[in-house]
Amino acid sequence: MIFIIFLLLFLFSSTQTYAYPAIIIDKSIHSPPIGTGADQNFVPNDINNTDTIKCSGTYTVSETFNPKSVGSSPPTFQPYQVNSISNQANFGISNYSNTGLVKQQQHLGNRYQNLTDPLKLNKAFLSLNINQDSGNTSNRATPYYVLKCLKGQRLVKSVLSLSKSYNGTTCNEQIGWNCQNAFVNLNDPHDPSCVAVRIADVAAYFAHKPIFYPLDANCYDKNLQPNLLNIVHNLAPPKFSDTVYRHLLNYAIEVSDTCSLARNIEICDKDSQGNSINCRLQSSSIPRGSIVDTTKKVTAQFIPSSSTLIKPDICQTSTGKASFDRPNPVSFLATIQKAFGTITDSSQTFSDTVIKNDYLDSRIDFSNDLTFLTNMIPASQKTKYNLTSCSTTDGKSIDPGCKDARVVVGHFLLPKNF
């Protein structure tokens, strides 16, 4: 019941104050975060060395050609043939990222913003208003013994992510600041000399305590026993008190991950016969993309064993509503070789399409999330509201995220007199 109330309040809150500011990414690097505030500009998945889903499409290129004047009295022109057109194919320049991932983070991964004030923390814990600092469904609806296991696995992943060879969907997120051995909230004012505190710092402090779980363990097994951290690491955790570290373990370590993931965008030129030539790949980030994979075990608890998982086609797109998040921009000079026509005494614009492919990490799988949501509405409505589509597009790049599912679910959970 608490879960349903929280879901409804989330879906029909009167305002849309996001728990986090928009993620604007200027570059996308596969490496552990270095320094401070770098989480949005790196991705934990090595998109060039993982299984991907290829979504094929096209991109329109246009170029305008003007007449060549060779005399003015009377006006005369030199005709010329246009045998190729070229233009920039740009992705991520405008503010476009589907709101589906933002809503999924609000629902399943909303963080406590104030970890240092016990009164505010208690108020946030008791509140069900997602426009306040209120926690998330992952914490509120998951049994404590399961939550301990999921958090223990998250700690292990944070240490693993420090390796250059790591290829996962979880990153070593920043959770606060170390200011002269005093913990300061992530969004609070702080001195420039303060150092970032990350999830792996908490893991390093508890390395010799049995709070860690194997990544392949079933967290719903009540007989499962925790282990010590058996990963080699060279971390020197901040000199906080044991009380502070236990507080961070309880309130700052989340099951879900809010980092970006990488995808590849490919553009291929076309020769005079229409064949693909000169194909080029560039990586583009998916803001908040990691939440999809890191909440699968949470949503699994709401899916009856008798249910058949809905497996949406991530390449099936619909028109999306833009959020304030923006991926890192990528750009290609695309060229098409073709006999377009002759320019004489007037300007002409020629257009054609080049081959465009999106390569998405196969771990961006919405089967659990979509199944757990649509189990709460009549089966006949799934097709009516096109809930099998879990990607949107701005006509350029595919942006994964089930944008309509939570709104439709909320509608069917409401009483008729609401």
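Since we're looking at a predicted model, the values are computed, not measured.

(A) A look at helix α5 (residues 144-160). Between its first and last C-alpha, α5 extends 24 Å over 17 residues, near the 24 Å set by a 1.5 Å rise per residue. Across the 17 residues of α5, twelve count as buried, placing the element largely inside the fold. The complete set of buried residues in α5 reads V146, L147, C149, L150, K151, G152, Q153, R154, L155, V156, S158 and V159.

(B) Examining the pairing of strand β13 (residues 389-393) more closely. Among the five residues of β13, five are classified as buried, and the element is accordingly described as predominantly covered. Bridge count for strand β10 (residues 313-319) against β13 is four bridges, and the pairing is parallel. Within the sheet, the bridge partner assigned to D313 lies in β13 and is S389. Looking at chain direction, β13 and strand β14 (residues 398-400) are connected through three bridges and run antiparallel. Within β14, the residue paired with T393 across the bridge is I398. Hairpin connection between β13 and β14: a loop of four residues separates the two successive antiparallel strands, and G395 in this loop has a positive phi of roughly 90°.

(C) Broad picture of the sheet that holds strand β6 (residues 183-185). With respect to topology, three strands assemble into an open sheet ordered β6-β5-β7, the strand pairing being antiparallel. Among the strands making up the open sheet, the edge pair consists of β6 and β7 (195-198). Going from strand to strand, the sheet's axes swing by 45° on average, the running direction of each strand aside. The pairing of strand β5 (residues 174-178) with β7 spans four bridges and is antiparallel. Considered in β7, the bridge of W177 is made with A196.

(D) Region of interest: the confidence of the model for the protein chain. Summary statistics for the protein chain give a mean pLDDT of 88 and a share of 92% for residues scoring 70 or more. Low pLDDT, under 50, characterises residues 12-18; the predicted model gives this stretch 16 contacts beyond four residues in sequence or across chains.

(E) Representation of the sheet that holds β14 within the structure. One open sheet accounts for three strands, arranged β10-β13-β14; its pairing is mixed. Taken across any chain shown, the strands that pair with only one partner, and hence form the sheet edges, are β10 and β14. Shown here is a sheet whose adjacent strand axes are inclined to one another by a mean of 45°, direction ignored.

(F) Broad picture of the nonpolar core. By size, the foremost hydrophobic cluster in this structure holds 25 residues, and its most contacted members are L155, I175, V202 and L248. Listing elements by their share of this core, those giving two or more residues are α3 (118-126), α5, α6 (199-205) and α7 (242-251). Per-element tally for this core: the top contributor is α6, with four residues. The contact partners of L155, leaving out residues within four places of it in the chain, are I199, V202, A203, I211, F212, L249 and I253. By size, the runner-up hydrophobic cluster in this structure holds 23 residues, among which are I303, I314, I377 and C390.

(G) Representation of the state of the cysteines within the structure. Inspection of the entire model under this criterion finds six disulfides. Disulfide pairing is shown between C268 and C279; the S-S distance is 2.1 Å. Linking C268 and C279, the disulfide has an S-S dihedral of approximately 115° and is accordingly described as right-handed. Residue C268 is found in strand β8 (residues 261-270), and its partner C279 is found in strand β9 (residues 276-286); the two are separated by eleven residues along the sequence. Covalently, C390 is tied to C402 through a disulfide, its sulfur atoms 1.7 Å apart. Taking the sign of the S-S torsion, 90° for the link of C390 and C402, the bridge is right-handed. With C390 in strand β13 and C402 in the loop between β14 and α12 (405-413), this residue pair connects regions lying twelve residues apart in the sequence. You'll find C390 and C402 in the same group, each marked buried. If you count the bonded cysteines of the protein chain from the N-terminus, they pair up as 1-10, 2-6, 3-7, 4-5, 8-9, 11-12.

Parameters at a glance
Residues numbered from 1 in each chain as written. Predicted model: local features only at pLDDT ≥ 70, side-chain atom pairs only at ≥ 80, totals over all residues. Heavy atoms only, no water. Helix = DSSP H or I, 4+ residues; strand = E, 2+ residues; numbered from the N terminus. Expected span 1.5 Å × (residues − 1). Buried < 20%, exposed > 50% of the residue type's maximum accessible area, 1.4 Å probe, protein only. Pairing = 2+ DSSP bridges. Axes fitted to C-alpha atoms, helices over the stretch in contact; angles between N-to-C directions. pLDDT = per-residue confidence, 0-100. Contact = heavy atoms within 4.5 Å. Core = buried A, V, L, I, M, F, W, Y, C linked by side-chain atoms within 4.5 Å. Disulfide = S-S within 2.5 Å.

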